[in-house]
Amino acid sequence: MQVGASVTILVVLLGLISTAHAQQVLTSTPTSIQRVPQEGAAPVWSYSLPALSVQMPAISAAALAPNGRCAAVAGVGRVDVLDMKGQKLWTWEYGKVNKFITAEALAVSPKCDEVALVGDSGYKYTWIVGRHGPRVPIQTTSTPLGIAFSHDGEFIALGTGGCDLLLIGKSGGLKWKKTYNQGRCIFGDLSFSPADKFIMLQAWSVGLITLDGATVWMGSGWGMAAARDAPTFVVWSSPNHGPQVGDVAAFNAGGKEMWSRVAPGNAAAISASGDKIAAPVYEEHDFSPEDWDKYQDQPVEIQIFSHSGETLKTLPVEGTEVLAMSPDGSRLLVRASDFIQELDGEGNMLLKIPNPQMSYSKVFVPDDFSGALVWRRVAPAIVEWLTLK
């Protein structure tokens, strides 16, 4: 598998993005929640904050609770926690606490009573804030990046761009901090395994870490998705530069590669049991090194693979990323160039979410595949909830 590409460019981009999203306004009043009848792709509700400028959207971070019970939105000096009807549950106005606090990443607990707000390269603090409890700042020596609550809400995992991983207890008590040296490690996206036995590394560095900090396995890649009920993982990766193709690969519980396919290196998804993996791959699978400089001309298609790597189906649809798969593997959420579509297992479209600037959106899907929280990051930034079929 072709993983472990240089991450120098990512670190530079991280600094640029952090600067672009620096908070300039400390407080603001959110716009009213808009509700429309759900017909086709219309959102159940949408939520926005007044944009600072065309170049600087008001919403700098968004999150969905692990159980899909609530969402959180941060920007212009505040974090709003919303229920899944779009009603505001509570607010923390961090701009009134410290004007230097920035919101580069965000997580919300499954009980919706606590948020974790991550700073940036210029503000290396992460705040753990309870609705009625303490507000604890945690400083890191390198830029904080990934943040996640466990499914029971008792732990928080925090990763940095400097190989540091921290396990934090509810209300901000530090359990442990470890620095890893397995190659180039950047902990850009984290989550907990369904039973909260492992911390899953899911962006830039991928792999499994136990709750006492031991490494089960670790590699590198653009992203990783895990089966809910089985120890199976799918990882996608592509080189930063050079005449090489990317790939998508399946791994077992110990981090051993089971199979791989040449691919653009875009997001893939896996069913709860691990029996199906959906991924964008190149139509031509047998690339030789002499053909690597021609890969951009190759058609990309969405294919569904079995656990052992057999091609089960090629979907007759346009798509560049598989964002999520329903637990039973019967439905997919696929990103195309200017829209997102929900598909059944035969490739029939069930729902379409148009957006000419979809590449600037981030999508969160709960484990039960009941809906999609779409954060449109370009100004005017907006977060909206859509019910899936």
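Refer to the structure printed above.
About the cut-offs
Residues numbered from 1 in each chain as written. Predicted model: local features only at pLDDT ≥ 70, side-chain atom pairs only at ≥ 80, totals over all residues. Heavy atoms only, no water. Salt bridge = Lys/Arg side-chain N within 4 Å of Asp/Glu carboxyl O. Core = buried A, V, L, I, M, F, W, Y, C linked by side-chain atoms within 4.5 Å. Buried < 20%, exposed > 50% of the residue type's maximum accessible area, 1.4 Å probe, protein only. Helix = DSSP H or I, 4+ residues; strand = E, 2+ residues; numbered from the N terminus. Lys, Arg positive; Asp, Glu negative; His and termini not counted. Polar contact = N/O pair within 3.5 Å; in protein donor to acceptor, adjacent residues only side chain to side chain. Contact = heavy atoms within 4.5 Å. Pairing = 2+ DSSP bridges. Axes fitted to C-alpha atoms, helices over the stretch in contact; angles between N-to-C directions. Disulfide = S-S within 2.5 Å.

*Asks:* How should the pattern of salt bridges be read in this particular structure?
*Replies:* Between side chains of opposite charge, a pair can form as their charged atoms come close. This model, assessed by the stated rule, comprises nine salt bridges. Residues participating in the shared-partner salt-bridge network are Asp113, Glu114 and Lys170.

*Asks:* What is the right way to look at the nonpolar core in this model?
*Replies:* Soluble, globular proteins show a tendency: their nonpolar side chains are buried together. Ranked by internal contacts, the top residues of the largest apolar core, which has 21 residues, are Val79, Val81, Trp92, Tyr94, Leu106, Val108 and Leu117. Trp45, Ala58, Ile59 and Ala71 belong to the second largest nonpolar core, which has 18 residues in total.

*Asks:* Mind showing me how you'd approach the side chain of Glu301 here?
*Replies:* Position of Glu301 relative to the elements: it lies in strand β24 (residues 300-306). Although Glu301 is buried, it makes no salt bridge; Arg261 carries the closest opposite charge, 9.6 Å away. Only 2.6 Å separates the side chain of Glu301 from the side chain of Gln303, close enough to count as a polar contact. Those residues within four positions of Glu301 in sequence are excluded, and the remaining contacts are Ala279, Pro280, Val281, Glu283 and Thr314.

*Asks:* What am I meant to see in the sheet that holds strand β13 (residues 164-169) here?
*Replies:* Pairing between the strands of a sheet comes from backbone hydrogen bonds, and it takes one of two forms, parallel or antiparallel. Strand order in this open sheet of four strands is β11-β12-β13-β14, and the pairing throughout is antiparallel. Unpaired on one side and paired on the other, β11 (144-149) and β14 (174-179) mark the two borders of the sheet. Taking each pair of neighbouring strands and ignoring which way they run, the sheet shows an average axis angle of 15°. When β11 meets strand β12 (residues 155-160), the two strands line up antiparallel, connected through four bridges. The residue of β12 that forms the bridge with Phe149 is Ile156.

*Asks:* Where do I start with the state of the cysteines in this structure?
*Replies:* By definition, a disulfide links the sulfur atoms of two cysteine residues through a covalent bond. Evaluation of the coordinates by the stated rule reveals two disulfides. The residue that forms a disulfide with Cys70 is Cys112, at a sulfur-sulfur distance of 2.2 Å. An S-S torsion of about -110° defines the bridge between Cys70 and Cys112 as left-handed. Linking Cys70 in strand β4 (residues 70-75) with Cys112 in the loop between β7 (105-108) and β8 (114-120), this pair joins segments that are 42 residues apart in sequence. With respect to class, Cys70 is no different from Cys112; both count as buried. Here Cys163 pairs with Cys185 through a disulfide, and the sulfurs are 2.0 Å apart. Since a negative S-S torsion denotes a left-handed disulfide, the Cys163-Cys185 link at about 120° is right-handed. Of this pair, Cys163 sits in the loop between β12 and β13 while Cys185 sits in the loop between β14 and β15 (187-192), and the two are 22 residues apart along the sequence. Neither Cys163 nor Cys185 differs from the other in exposure class; each is buried. In the protein chain, the bonded cysteines, taken in the order they occur along the sequence, pair up as 1-2, 3-4.

*Asks:* Quick question: what am I supposed to make of the environment of Arg78 here?
*Replies:* With respect to the secondary-structure elements, Arg78 resides in strand β5 (residues 78-83). Here Arg78 falls in the buried class, since its relative accessible area comes to 8%. Sequence separation between Arg78 and Thr102 is 24 residues; the distance between their C-alpha atoms is 9.7 Å.

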